[in-house]
Amino acid sequence: MSDFRGDGRAALDWVAEYLERVGELPVASSASPGEVRARLPASPPERAEPFEAVLHDLDDVILPGITHWNHPRFLGYFAISGSEPGILAELLIAALNVNAMLWSTSPAATEVEELALDWLRQLLGLREGLHGHIEDTASTATIAALAAARELRPGGIVLTSEQANFSVAKAAKLIGLECRLVPVDDEFRMRTDALAEEIDGATAVVATAGTTSTTSVDPIPEIAGLCGQAGVWLHVDAAYAGSAAVCEEFSWTLDGAEHADSIVVNPHKWLFTPIDCSCLWTRRPDAFLRAFSATPEYMPESSDVTDLKDYGPALGRRFRGLKLWVVLRCYGREGLQALIREHVRLAQLFASWVEDTPGWEVVAPHPFSVVCFRREGSDEENEALLARVNASGEAFLTHTRLNGRLVLHLAVGNVRTTEDDVRRAWEALQQAAG
Ligand SMILES: Cc1ncc(COP(=O)(O)O)c(C=O)c1O
């Protein structure tokens, strides 16, 4: 690259302008399969191209194929944010480009990761003395937790609720455990009477604080009691709703988690950290070491320091701790609380509009920033309505299925989402409903 500073300024300007105008772009891409690729050369260039040409294609070819997750009216799945501090931190991480596999391969990377995890532990009110490390995703964190559990109880089954994220079943399958789904009550929480019937001999229970469809919170204190009696590992999947516990009024979300053997919270879901950043804490680091520790000849054995490669499946590890540390510093407890509270307020406001409008209904409790709702009519009609809203480009929502019925799912989670954005989404829904 001939002009790193000039190109760097251009890239940063591109990012700043993108973030300023993203709210005016259609949220979902309307590209058809193969369209983006067809517009790009099939073979790599022989000669170096200027970085400027890349930015040109970014606007011309890539953006039309982007569904804008950083858009204020991206309200599907769990809406997320690449916040400005997080974006800049990603640049710094790439510049340092360290591999945090061993303490000695970059001492600051391990120590900042551990520190950032301890700060977040304090912000969430988790117990002291937990060992923490960062994985790319909650899917990987759950694989790691179940592999650790298997060290203590080989074979066996994993119990989780019917509403748990499918990454739990995937993780169980991958490490050779059978996953059984425990029924839920009428508020979509794991039924502890049903769990009690199955728990003896199980390897692990995965309880969810904030399920993917409705954000229901399993009764973790009771589940922890059953796990304690049966000697079964308890993993708490708080990937989305765990972040709410930065606000005192949501500390109940993690009630009972003090008894968990492991717990995962994803700052890349609702803590404004660019994907990927998934925090995994455990009070059983010994079990993780049994599952993952291995020292090849070419790596020095460490005695009095932590080598984070020994706690999860990957050897190579990005310096993710840096972006978490930057986000926590640049928002502070107050900034994080203000955003979470605003997102919850917007979701509650949206729910009130739905409830007050004939022909629409809210279909599940909505304690956080997600609302499940539907329009009177068939599943096909609701599906078509959703497709019309998403095709309009005005807003992007997703769906789920509850009690056999297709329902619409609106999630607020982006730092740029305002009341006006949520109102525009509601208007788009009403317009699409005719
Ligand atoms: C409750 C819950 N757990 C786990 C996951 C998986 O998260 P990841 O994409 O980080 O693997 C999700 C994804 O949405 C989720 O909603």
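Not measured: the values here are computed from a predicted model. (Residues numbered from 1 in each chain as written. Predicted model: local features only at pLDDT ≥ 70, side-chain atom pairs only at ≥ 80, totals over all residues. Heavy atoms only, no water.)

Splitting the protein chain by domain gives domain 1 (4-68) and domain 2 (87-328). In this structure, domain 1 and domain 2 have C-alpha centres spaced 35 Å apart. (Domains from an automatic or database assignment.)

Where nonpolar side chains cluster on the molecular surface, the patch consists of Leu12, Leu88 and Leu91 and spans about 280 Å² of accessible area. Mapped onto the elements, Leu91 comes out in helix H4 (residues 84-96). Note on Leu91: relative accessible area 53%, which makes it exposed. (Patch = residues over 30% accessible without salt bridge, like charges linked within 9 Å, V, L, I, M, F, W, Y side chains within 5 Å. Areas by Shrake-Rupley, 256 points an atom, 1.4 Å probe, with all protein chains shown as cover. Salt bridge = Lys/Arg side-chain N within 4 Å of Asp/Glu carboxyl O. Helix = DSSP H or I, 4+ residues; strand = E, 2+ residues; numbered from the N terminus. Buried < 20%, exposed > 50% of the residue type's maximum accessible area, 1.4 Å probe, protein only.)

On to the side chain of Ser216, then. Inspection of the secondary structure assignment puts Ser216 in the loop between strand S4 (204-208) and helix H9 (220-230). Owing to a relative accessible area of 6%, Ser216 belongs among the buried residues under this scheme. Among all residues touching Ser216, those that are not within four sequence positions of it are Glu187, Phe188, Arg189, Thr208, Ala209, Gly210 and Thr211. (Contact = heavy atoms within 4.5 Å.)

The strand order across the open sheet formed by seven strands is S1-S7-S6-S5-S4-S2-S3, and the pairing between neighbours is mixed. The open sheet has two edge strands with one neighbour each: strand S1 (131-135) and strand S3 (178-182). Pairwise comparison of adjacent strand axes, ignoring direction, gives a mean angle of 20 degrees for this sheet. Note: strand S2 (residues 157-161) against S3, five bridges, orientation parallel. Opposite Ile157, over in S3, you have Glu178 as the bridge partner. Seen against the sheet, helix H7 (residues 166-174) touches S2, S3 and S4 and runs at an angle of roughly 175 degrees to S2. (Pairing = 2+ DSSP bridges. Axes fitted to C-alpha atoms, helices over the stretch in contact; angles between N-to-C directions.)

This paragraph deals with the pattern of salt bridges. The final tally for this structure, using the stated rule, is 29 salt bridges. Across the salt bridge formed by Asp421 and Arg73, the nearest N and O atoms sit 2.7 Å from each other. In this pair, Asp421 sits in helix H14 (residues 419-432) while Arg73 sits in the loop between helix H3 (51-62) and H4, placing the two residues 348 residues apart along the sequence. Across the pair, exposure class does not vary: Asp421 and Arg73 are buried alike. The salt bridge involving Arg341 is made with Glu249; its shortest N-O contact spans 2.6 Å. Of this pair, Arg341 sits in helix H12 (residues 320-355) while Glu249 is found in the loop between strand S5 (233-237) and strand S6 (262-265), placing the two residues 92 residues apart along the sequence. One connected set of salt bridges, linked through shared partners, spans Glu90, Asp276, Arg318, Arg320 and Lys323.

Our focus in this paragraph is the side chain of His343. Residue position: His343 is located in helix H12. Among the polar contacts made by the side chain of His343, one reaches the main-chain carbonyl oxygen of Asn414 at a distance of 3.0 Å. Once you skip the residues sitting within four places of it in the chain, His343 turns out to touch Trp270, Phe272, Ser369, Val412, Gly413, Asn414 and Val415. (Polar contact = N/O pair within 3.5 Å; in protein donor to acceptor, adjacent residues only side chain to side chain.)

Along helix H11 (residues 285-292), the positions that sit buried rather than exposed are Ala287, Phe288 and Phe292. What you see down the axis of H11 is that its buried residues fit within an arc of 115 degrees, all on one side. On its buried face, H11 is in contact with S1, helix H6 (138-152), S5, S6 and strand S7 (278-282). (Arc of directions from axis to C-beta.)

Helix length check: helix H5 (residues 107-124), at 18 residues, gives a terminal C-alpha distance of 26 Å against a target of 26 Å (1.5 Å per residue), a fit within 8%. Among all positions in H5, only Ala109, Thr110, Val112, Glu113, Ala116, Leu117, Leu120, Arg121, Leu123 and Leu124 are buried. Buried positions along H5 lie against S1, S6, helix H10 (267-270), S7 and H12. Within two residues after H5, Gly125 carries a phi angle of roughly 75 degrees, on the positive side. (Expected span 1.5 Å × (residues − 1).)

Let us look at the nonpolar core. The biggest cluster of nonpolar side chains holds 58 residues, and the ones touching the most others in it are Val205, Leu234 and Trp281. Each residue touching Leu234, except ones within four places of it in the same chain, is listed here: Val205, Ala207, Ile220, Ile223, Ala224, Cys227, Ala260, Asp261 and Ser262. (Core = buried A, V, L, I, M, F, W, Y, C linked by side-chain atoms within 4.5 Å.)

This paragraph deals with unusual backbone geometry. Following Ile275, the chain continues into Asp276 via a peptide bond in cis, with omega recorded as 25 degrees. Considering the arrangement of structural elements, one finds Asp276 in the loop between H10 and S7. Despite not being glycine, Asn403 has its phi angle at roughly 50 degrees, a positive value. As for its position among the elements, Asn403 is in the loop between strand S10 (398-402) and strand S11 (405-411). We classify Asn403 as exposed; its relative accessible area is 71%.

A separate point is the packing of helix H13 (residues 379-392) against H14. Where H13 contacts H14, the axes come no closer than 9 Å and their chain directions differ by 125 degrees. The pairing of H13 with H14 is recorded here as oblique in orientation. Crossing angle aside, the handedness with which H13 passes H14 is right-handed. Between H13 and H14, the residues in contact are Leu385, Arg388 and Val389 and Ala428, Leu429 and Ala432, respectively. Looking at the contact of H13 with H14 residue by residue, the class counts come to five nonpolar, no polar and one charged. (Parallel < 35°, antiparallel > 145°, perpendicular 65-115°, else oblique. Left-handed = near helix turned anticlockwise from the far one by under 90°. Nonpolar A, V, L, I, M, F, W, Y, C, P; charged D, E, K, R; others polar.)

Let us now look at the pairing of strand S9 (residues 370-375). Burial within S9 is extensive, with five of its six residues counted as buried. Across three bridges, the pairing between strand S8 (residues 360-362) and S9 is antiparallel. Looking at the pairing, Glu361 lines up with Arg374 of S9. Relative to S11, S9 runs antiparallel, the two being bridged by four bridges. Across the sheet, residue Phe373 finds its bridge partner in S11, namely Leu408.

Moving on, we come to the site of the ligand. As a structural note, the neighbourhood of the ligand is formed by 13 residues, with Ala138, Ser139, Thr212, Asp237 and Asn266 the closest of them. Here Ala138 contributes a backbone N or O atom positioned 2.8 Å from an oxygen atom of the ligand. One of the side-chain nitrogen or oxygen atoms of Lys269 is found 3.3 Å away from an oxygen atom of the ligand. Protein burial of the ligand: of its 390 Å² of free accessible surface, 85% is covered by the chains. Only H6 and H10 provide two or more residues apiece to the shell around the ligand. (Near = heavy atom within 4 Å.)

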